[in-house]
Amino acid sequence: MARKAASGPTTPATLALERAGVEFTRHPYTHDPAAGGYGLEAAGALGLDPAQVLKTLLVDTGGGLAVAVVPVTGHLDLKATALALGVKAVVMADPAAAERSSGYVVGGISPLGQKRSLPTVIDESAFAHDVVYVSGGRRGFDVGLSPTDLERVTGATRAPVARA
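This is a predicted model, so every value here is computed, not measured.

Rules and cut-offs
- Residues numbered from 1 in each chain as written.
- Predicted model: local features only at pLDDT ≥ 70, side-chain atom pairs only at ≥ 80, totals over all residues.
- Heavy atoms only, no water.
- Salt bridge = Lys/Arg side-chain N within 4 Å of Asp/Glu carboxyl O.
- Buried < 20%, exposed > 50% of the residue type's maximum accessible area, 1.4 Å probe, protein only.
- Pairing = 2+ DSSP bridges.
- Helix = DSSP H or I, 4+ residues; strand = E, 2+ residues; numbered from the N terminus.
- Axes fitted to C-alpha atoms, helices over the stretch in contact; angles between N-to-C directions.
- UniProt positions renumbered as here; feature names shortened; annotations may be inferred.
- Contact = heavy atoms within 4.5 Å.
- Polar contact = N/O pair within 3.5 Å; in protein donor to acceptor, adjacent residues only side chain to side chain.

**Student:** Any details on the pattern of salt bridges? Residues and values, ideally.
**Tutor:** Inspection of every chain in the model, using the stated rule, returns three salt bridges. Glu-18 serves as the salt-bridge partner of Arg-26, at 2.8 Å between the closest nitrogen and oxygen. Of the residues examined, Arg-26 reaches a relative accessible area of 7% and is grouped as buried. For Glu-18, a relative accessible area of 22% puts it in the partly exposed group. Glu-151 is the salt-bridge partner of Arg-158, the closest N and O atoms lying 3.1 Å from each other. For Glu-151, a relative accessible area of 18% corresponds to the buried category.

**Student:** How would you sum up the sheet that holds strand 8 (residues 141–145)? Please name residues and give values.
**Tutor:** Strand order in the open sheet formed by three strands is 1-8-7, with antiparallel pairing between adjacent strands. Here the strands that pair on one side only, and so sit at the sheet edges, are strand 1 (25–28) and strand 7 (132–138). Between one strand axis and the next, the sheet turns through 30° on average, direction left out of account. One ladder, built from five bridges, connects strand 7 with strand 8; its direction is antiparallel. Paired with Ser-135 across the strands is Asp-142, a residue of strand 8.

**Student:** Tell me what's going on with the UniProt feature "domain: YbaK/aminoacyl-tRNA synthetase-associated" (unreviewed entry) in the protein, and back it up with residues and numbers.
**Tutor:** Here the UniProt-annotated "domain: YbaK/aminoacyl-tRNA synthetase-associated" (unreviewed entry) positions come out as residues 41–152. Measuring from the first to the last C-alpha atom of residues 41–152 gives 27 Å, for a span that is 25% helix and 30% strand.

**Student:** With reference to specific residues and values, describe the pairing of strand 3 (residues 65–71).
**Tutor:** In terms of burial, strand 3 is largely enclosed, as seven of its seven residues are buried. Bridge count between strand 2 (residues 54–60) and strand 3: seven bridges; the pairing is antiparallel. The partner of Leu-54 across the bridge, within strand 3, is Pro-71. In this antiparallel pair of consecutive strands, strand 2 and strand 3, the connection spans four residues, and Gly-62 shows a positive phi of 90°. In this sheet, strand 6 (residues 120–123) lies alongside strand 3 in parallel orientation, the contact comprising three bridges. Counterpart to Val-67 in the pairing with strand 6 is Thr-120.

**Student:** Tell me about helix 3 (residues 78–85), and name the residues and values.
**Tutor:** Residues of helix 3 that are buried include every one of Ala-80, Thr-81 and Ala-82, and no others. Elements in contact with the buried residues of helix 3: strand 2, strand 3, strand 4 (75–76) and strand 6. Sitting at the head of helix 3, Asp-77 places a side-chain oxygen 3.1 Å from the backbone nitrogen of Lys-79.

**Student:** Please provide a residue-by-residue account of the sheet that holds strand 6, values included.
**Tutor:** Pairing within the open sheet is mixed, and its five strands lie in the order 5-2-3-6-9. One side of each edge strand has no neighbouring strand; the edge strands of this open sheet are strand 5 (91–92) and strand 9 (157–159). Sheet analysis places strand 2 next to strand 5, joined by two bridges and oriented antiparallel. Note that in strand 5 the partner of Asp-60 across the bridge is Val-91. Its contacts with the sheet place helix 5 (residues 147–154) against strand 2, strand 3, strand 6 and strand 9, and it is angled at close to 170° to strand 6.

If you want it as structure tokens, here you go:
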């Protein structure tokens, strides 16, 4: 049965976790609109190891969009992502297209509970941690869960798609 923390909003991401019976924790924080990096802001505001905080990025495969989940401490390797997705090349998705597809706003895009199910790849470094943190579906809100539950709920594959 899914575990709810005492506070935090209900979003499509939290509903997806509850429906899947995944244990997770809610971590709201006050978002600073002047903050440049949403993931690093979350890590600092919540006092978390940035290596455990993951960012959700949408890429365009030329045939549609896909999701890549990488630590906020690194960057997405586009060539490795294309390889993991089995396509020739990927580019970063247009932010407006990412918002339309996911149902979330940039800075609050969660890999969970998106409007459309997309191919998803999670950087293999996430699996070195018992708990990882991803956007809960809005700016100023993360959820903590096991990387294997994240993989299962999103139908993701694991691959080395992050670079320093």
